[in-house]
Amino acid sequence: MIAATLAIVVSLFLIFVAVVRRGLPAMSWDMVSKIPGGGFYIGKEGGLLNAIVGSLYIVIGSITLGLCFSLPIVLYINLYLPEKSRLAQFTRLSFDVLFGIPSIVYGAFGFTIMVYLGLRSSLLAGILTVTMLIIPILIRSIDEVVRRVPKEMKDAALSLGATRSEIIKVILRQVAPGIITAVLLAVGRGIGDAASVLFTAGYTDGIPTSLSQPLATLPLAIFFQLSSPIAEVQDRAYAAALILTFIVLILSLAGRYYSRKYSKNKI
Amino acid sequence: MTSSLQSEKMQANEDSVILNELDAGSIFSKHKPHISVRNLNVYLTKNHILKNVNLDIPDKAITCIIGPSGCGKTTLLKTFNRLLQNSMDVRIDGDVLVDGENIHGKGVEVENIRKKMGLLSQRPCPLPMSIFDNVAYGPRIHGIRRKKTLKIMVEKYLGEAGLWDEVKDRLKSPATSLSIGQQQRLCLARGLAVKPEIILGDEATSALDPISSKKIEELFLKLKDQYSIVLVTHTLRQAKRIADYVVFMYLGEVIEAGHASEFFNHPKEKLTKEYLDGYFS
Amino acid sequence: MDRIKYNKYRQFKEFAIRNMMLVLTIISLTFAVIIGISLYYKSVPILDQQSLWSLLSGRSWKPLKGEFGFFPFIMGTLWVTLIAIIISLPLCLLSGIYLSEFAHPYIKKMVYPMIDVLAGIPPVVYGVWGILAVVPFISDKLAPHFVEYSTGYSVLAGGIVLAIMIIPLMISVFIEIFGALPGGLREASLSLGATQWQTVKKVVVRKSFSGLAAAVVLAISRAFGETIAVLMVCGNVAEVPKSVFDPAYPLPALIANNYGEMMSVPMYDAALMLSALLLFVIILAFNAISRLVLIRIERNFAL
């Protein structure tokens, strides 16, 4: 049993060692501050700035949009519906299930919608797809903390004559750390997912200046550039992998820090 | 609401006053009933929690509801400000009249009912904000925005709850930084700030240390000139100390209700006598 | 007067917010249905042409000739998933038991964050690790003992990478299930003189068997749908693999790899959307079943 646990822990370290050993030599200041020169697949110059910025755009956009959906839904099922309401239970179940749907399906779905609407692959389409991907994560983990708000606190605010929509502020304040954890979790998933943006975000060397332009993201930068035969381009992929791993590690530690109290539904 | 209905209700009220005067002693000659409960039945899922409760709560006096745990005291209290409907599968039959108005009637705004009653729960439950904002929360909801007015109100009600001197220098610090006894007084101040007419206490002192709970009791005695106070209490001694009017409940029924001195000295029912003598608790 | 007006305004606000939230909730619930319908709608053309069964059992994948046999891809998916489960299940079961029953709190405090990190690592990074470590290991060290030649990009590589990926999911659900068992159960067994290991074997594992099964199903469905990491290490040859050292081509990889060309070849996009639909339906069903089981467990034990 100890050996099994050890094996899991060791495999984590093996992954880190592999990524760092190959990625570190490829890292340089240019890597994070320049966009690739001469095409991402063959050009030997430049770095990953396009992918870094692109990932940021996607994540910021989809988190914002995702919160716009998930907060009202969580608040509704916890505040307006009675404890054992069928609708609330069904909602929870369906987001648990949607959470398990692979990102490639979201990607394919996003793509069909895109074609249907006559859109090209773009920042907008990427944001929408990633939003679909992270809404279940946000809802699950925010629900987890909102459900634990003591009933007495709701009653206390209600008994002062507040309407239910007026006590939302109280609840949000109470669960703020939990929401931050949920967002960190969703950022981690959103920033690292390749299959959903593969169809919808496109890929480009530049940095998008509007919602309708395609863009690069870090996971796609790894995926595409790794298959290039040119060593310098491959270096970029490994550097991107290192950056991505680093980001995810930071997010995970930050999430830990914020969520000592709320430690379920993390995976 | 038609006027005929209104007058009918008034009639019913007066009837009940007369009834109670015959029944339970003299308290209603001095204190008009503030809350009247008529034929109240409450079912939680399939359990019959309150069985045909008929009751009058006197105005500007302290009413203590006593009885063994699980007898429906808290449920009764929560029907008064309609917090019960928040839980699942509740069915409520019968009327609860506050100032002659049926709180379960059509077109009644539940927020107005709740505003009339301040609630003190078993454990103090400060809202996750500063001391000042806790007290100002109610007034703000009800539309008071001016900083100056809020400041005056916060000072006034913290004063009434006997907390002002202790916290005036740290109004901005979070409410959870207070001791538990202070928190309970803060909750009282918060409740008073919406200008209620009734204060409901659900074993409001059971989580507190003796000194804090003594302070709260003293506050109740001071406040009963302005408010009708209804307390669910777990200790007989507390009821003996502060009650003007006592309601004894057992297994969802009101066994006996009456003036405190009458109730404790000359209980009418056998069950009451046994409870007071400590045969069960 | 003002007071009444203000109250009216509050009531209206309450009404508006309440209904807005309700509408959002209802919309979000139709989400799964919309996904299913639109994928189905997109795959109708190919279903009109050939029966579902002939598509699923067809062995030949030649889009240019209009032959769309999914069998190699389905087998690829099954092979990779099977290997992943074979590797990860014993690891997860043993370490799950260890962490929840035996381990010192200090060790838990060390290991849980690591599992979290493992869960957070993006698939594409797992893929990079696969290429850097697993593939060379298989082609240089392992395969020569068994077969004449392997590139390393194989079913086995995909299975190993996938196994590591589903470990965090499986282990965390395991730990949750063991944690949900009432403590009295263990004490009852221990007080009868059973050793701790006997208690685990006879009581803990047996009592939580349905939950463990549900967790495994959950992990299988995760493995089914995993795309990028598997795609990077599996070799992607559209044939039924004959041994674990042969390349395979799982369904998700098929979708991901071919989206660029699919517009120009007739029926190609319908075929790909059909495979997305297949994935969606299978995983939806798997997930729904296992979640229902897990919910039941939580309800039964949460007293």
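Residues numbered from 1 in each chain as written. Chains lettered and ligands numbered in written order. Predicted model: local features only at pLDDT ≥ 70, side-chain atom pairs only at ≥ 80, totals over all residues.

Secondary structure summary: chain C contains 12 helices and two strands in total. Reading the helices (α) and strands (β) of chain C from amino to carboxyl end gives α-α-β-β-α-α-α-α-α-α-α-α-α-α. (Helix = DSSP H or I, 4+ residues; strand = E, 2+ residues; numbered from the N terminus.)

Let's shift gears to the interface of chain A and chain C. Taken together, the 63 residues of chain A in the interface contact 69 residues of chain C. Elements with a contribution of two residues or more to the side of chain A that touches chain C: α1 (2-23), α3 (49-80), α4 (86-100), α5 (103-117), α8 (168-192), α9 (195-200), α10 (218-226) and α11 (231-258) of chain A. In terms of residue count, the dominant contributor to the side of chain A that touches chain C is α1 of chain A (13 residues). (Contact = placed C-beta atoms within 7 Å.)

Where α11 of chain A contacts helix α4 (residues 105-120) of chain C, the two axes come as close as 9 Å, and the packing angle between them is 135 degrees. Viewed along their axes, α11 of chain A and α4 of chain C adopt a mutual orientation that is oblique. The element α11 of chain A and its partner α4 of chain C pack so that their crossing is right-handed. Facing α11 of chain A, whose interface residues are V248, L249, L251, S252 and R256 of chain A, α4 of chain C presents P113, D116, V117 and G120 of chain C. Residue composition of the contact of α11 of chain A with α4 of chain C, by class: five nonpolar, two polar and two charged. (Axes fitted to C-alpha atoms, helices over the stretch in contact; angles between N-to-C directions. Parallel < 35°, antiparallel > 145°, perpendicular 65-115°, else oblique. Left-handed = near helix turned anticlockwise from the far one by under 90°. Nonpolar A, V, L, I, M, F, W, Y, C, P; charged D, E, K, R; others polar.)

Residue and element names in this part refer to chain B. Of note in the backbone geometry, D99 takes a positive phi value of approximately 50 degrees without being a glycine. Residue position: D99 is located in the loop between β4 (90-98) and β5 (101-102). Look at D99 and you get partly exposed, because 15 C-beta atoms sit within 10 Å. The residue K195 is not glycine, and still its phi comes out positive at about 55 degrees. Structurally, K195 is set in the loop between α8 (180-192) and β7 (198-202). In this structure K195 comes out as partly exposed when scored by C-beta crowding, with 16 C-beta atoms within 10 Å. (Buried ≥ 20, exposed ≤ 12 C-beta atoms within 10 Å, placed from the backbone.)

Moving on, we come to the pairing of β4 of chain B. Two faces, one strand: in a regular strand the side chains alternate between the faces of the sheet. Residue and element names in this part refer to chain B. Strand direction decides the pairing type here: strand β1 (residues 33-44) and β4, joined by eight bridges, are antiparallel. Pairing of I35 across the sheet is with V98, part of β4. Connecting the antiparallel pair β4 and β5 is a turn made up of two residues, with D99 showing a positive phi of about 50 degrees. (Pairing = 2+ DSSP bridges.)

Strands belonging to one sheet form pairs held by backbone hydrogen bonds; the direction of such a pair is parallel or antiparallel. Residue and element names in this part refer to chain B. Taken in spatial order, the six strands make up an open sheet running β6-β7-β8-β3-β9-β10, and their pairing is mixed. The strands lining the two open edges of the sheet, one partner per strand, are β6 (117-120) and β10 (253-259). Strand-to-strand twist across the sheet, computed as the mean angle between neighbouring axes with direction ignored, equals 15 degrees.

Let us now look at the sheet that holds β5 of chain B. Spatial strand order, β2-β1-β4-β5 (chain B): four strands in an open sheet with antiparallel pairing. Whereas interior strands pair on both sides, the edge strands pair on one side only; in this sheet they are β2 (47-58) and β5 of chain B.

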